[in-house]
Amino acid sequence: MQIRLYNTMTRRVEDFEPITPNHVGFYNCGPTVYWDPHIGNMRALFNADILKRMFLANNYTVNHVMNFTDVGHLTSDADTGEDKMEKGAARENMTAWEVAEKYIKICLDDMDSLNIIKPTHTPRATDHIKEQIELIQKLEKKGFTYEIPDDGIYYDTSKFPDYGALGGQNLSELKAGARIENNNKRNITDFALWKFSPKDKKRQMEWDSPWGIGFPGWHIECSAMSMKYLGDHFDIHTAGQEHIKVHHTNEIAQSEPVVGKPWVNYWVHWAWLILKEGKMSKSSGTSYSVRDLMAKGYDPMSLRYLMTLSHYRQPLEFSLESLDAAATGYKNLVRKIADLMSDDSGEIDQKLYQQWHDKILTPVSDNLKTAESLVVFQDLLKQKDINSATKLALVGFVDDLLGLQFIEHAKKLHELESETAPAEIQEMAQKRLSAKKERDFATADNLRTQIDSLGWTVMDTADGFKLVKKQ
Ligand SMILES: [Zn+2]
């Protein structure tokens, strides 16, 4: 099926043509591991997961690379401010290395809770200092760098004529709009490739280099690691939309002079998950993590379902009310699927299967329209002339495509419902039914409470009662 994606570079939805047939390589800029990832961070990782699952459903092999930024780059895009890793270390009374270890584990656990398939490679910046130094040396040889004494090695953006193309700006516009943060830079848009350690202080993370002891600038790690794991020319580069104007613009500037143009064929950017009052922020205490929501009793699949209902190029306004609504919608679907499991006799109708498989896959292949795919899926569940076996096979396909674990959840519900209650509980339920018939509601209510306290729920049905084990 033809895959289409919105390319930030050309500002339109384009037919996707892979470099190698039936194979895709993509890089997604991962988190800086100095603090709890919030669900806004996780939305970007969820979107990358949908991108990957869409390719897998179209029978591609996928090489998905996501880095962990564990080098303490500075808090602003412009190489000024505090070092994030050292800030995290001071906050938690740990070393910067321990902080990285802790938050990489938390991030991987949260990805697992959200059923995000682990990337093929998850390289860490600190494991690739050599590759970063080599890339800076190549840029130096080609004349793209200069040194600011006691500061670092900088990239001269005026040497790269296409600078700013990804964000739709040229260098003179950028110069006019920028704030002056470092008077020693030749151009306001120049950025650090290597920063020197301060002479009077030993940093927790620093390395030797041909230019002196220090640490890499932030942007260079993604160029170096993507080239290492995906080659000099690869299909897709993704991240949140906040990375268009500086981080990805700089990645292009430092990569294309070395590997040729174009370095990347498609640039795909995710919109944010926001709150009514604006962007979710860790520092102002307005952020939720996946674990926060689980502690409040939410199933992470409800959050994944909420994300599936929105399009990646639109902001998703999050509230606990919208999550509650998604949780109800998700449960209703699980309920319907569990009902299919009580009558799954019959053969899978291959023709109908293929027809609905394509109907479900088409919107996701067309620029990842997940919500439209869910509409088709709900329509499928309503069809009276399709048997349960065929429907259940298609639910399995939807699980592969959208990762919503419908089968797993429905099976659990179905098993709870089909378990037979012990004889004494059955007897109590029988007594309750008789009491109800005799209009002795006090006894009936009392028996219901007793049954409930023994872990079962009694439900009235047309021909008597049904006992369901409580979750
Ligand atoms: Zn990056």
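For the structure itself, look to the data block above.
Since this is a predicted model, take the numbers as computed values, not measurements. (Residues numbered from 1 in each chain as written. Predicted model: local features only at pLDDT ≥ 70, side-chain atom pairs only at ≥ 80, totals over all residues. Heavy atoms only, no water.)

1. Notes on the pairing of strand E6 (residues 152-155)
As paired strands, strand E5 (residues 145-148) and E6 are joined by four bridges and run antiparallel to one another. Bridged to Tyr 146 within E6 is Tyr 154. Taking the residues that link successive antiparallel strands as the turn, the E5-E6 hairpin has three residues, and the phi of Asp 150 there is positive, at about 60 degrees. Relative to strand E7 (residues 191-196), E6 runs antiparallel, the two being bridged by four bridges. Of the residues in E7, the one forming a bridge with Tyr 155 is Phe 191. (Pairing = 2+ DSSP bridges. Helix = DSSP H or I, 4+ residues; strand = E, 2+ residues; numbered from the N terminus.)

2. Here we look at the packing of aromatic side chains
As enumerated under the stated definition, the model contains 17 aromatic pairs in all. Here the aromatic rings of Trp 270 and Tyr 312 are separated by 5.1 Å at their centres, their planes lie at 80 degrees, and the arrangement is edge-to-face. Here Trp 270 is found in strand E10 (residues 264-270), whereas its partner Tyr 312 is found in the loop between helix H9 (300-308) and strand E13 (316-317), with 42 residues between them in sequence. The class of Trp 270 is buried, set by a relative accessible area of 0%. (Phe/Tyr/Trp six-rings, centres within 6.5 Å; stacked < 30°, edge-to-face > 60°. Buried < 20%, exposed > 50% of the residue type's maximum accessible area, 1.4 Å probe, protein only.)

3. Quick look at the environment of Lys 142
Among the secondary structure elements, Lys 142 is positioned in the loop between helix H4 (129-141) and E5. What makes Lys 142 partly exposed here is its relative accessible area of 48%. It is 8.0 Å that separates the C-alpha atoms of Lys 142 and Pro 257, two residues lying 115 residues apart in sequence.

4. Notes on the pattern of salt bridges
With the rule as written, the count across this model stands at 27 salt bridges. Put simply, Asp 150 and Lys 199 hold a salt bridge, and the shortest N to O gap is 2.7 Å. Of this pair, Asp 150 sits in the loop between E5 and E6 while Lys 199 sits in the loop between E7 and strand E8 (214-216), and the two are 49 residues apart along the sequence. Of the two residues, Asp 150 and Lys 199, neither departs from the other in class, the shared state being exposed. In this structure, Lys 369 engages Asp 366 in a salt bridge whose closest nitrogen and oxygen atoms are separated by 2.8 Å. Owing to a relative accessible area of 26%, Lys 369 belongs among the partly exposed residues under this scheme. Sharing partners across several salt bridges, the network here consists of Arg 4, Asp 15, Asp 366 and Lys 369. (Salt bridge = Lys/Arg side-chain N within 4 Å of Asp/Glu carboxyl O.)

5. Some details on the sheet that holds strand E4 (residues 61-66)
Note: strands within a sheet are paired through backbone hydrogen bonds, in either parallel or antiparallel orientation. In spatial order, the strands read E4-E3-E9-E10; together these four strands make up an open sheet with parallel pairing. This sheet does not close on itself; its edge strands, each paired only once, are E4 and E10. The sheet shows a mean angle of 20 degrees between the axes of neighbouring strands, direction not considered. Direction of pairing for strand E9 (residues 234-240) relative to E10: parallel, over a ladder of six bridges. Following the sheet pairing, His 237 is matched in E10 by Trp 267. (Axes fitted to C-alpha atoms, helices over the stretch in contact; angles between N-to-C directions.)

6. Points about the sheet that holds E6
Taking strand neighbours across the sheet as the criterion, the four strands line up as E5-E6-E7-E8 in an open arrangement whose pairing is antiparallel. Every interior strand has two partners, whereas the edge strands, E5 and E8, have only one. Between one strand and the next, the sheet's axes are offset by a mean angle of 25 degrees, whatever the strand orientation. Against the sheet, H4 makes contact with E5, E6, E7 and E8, and its axis sits at roughly 120 degrees relative to E7, the strand it touches most. (Contact = heavy atoms within 4.5 Å.)

7. Some details on the nonpolar core
Counting residues in hydrophobic clusters, the biggest one holds 124 residues, and the most contacted among them are Phe 55, Ile 236, Leu 303, Phe 318 and Phe 406. Among the elements that line this core, the one with the most residues is helix H1 (residues 39-57), at 11 residues. In terms of nonpolar packing, the next biggest core, distinct from the first, is built from nine residues, Met 428, Ile 451, Trp 456 and Leu 467 among them. (Core = buried A, V, L, I, M, F, W, Y, C linked by side-chain atoms within 4.5 Å.)

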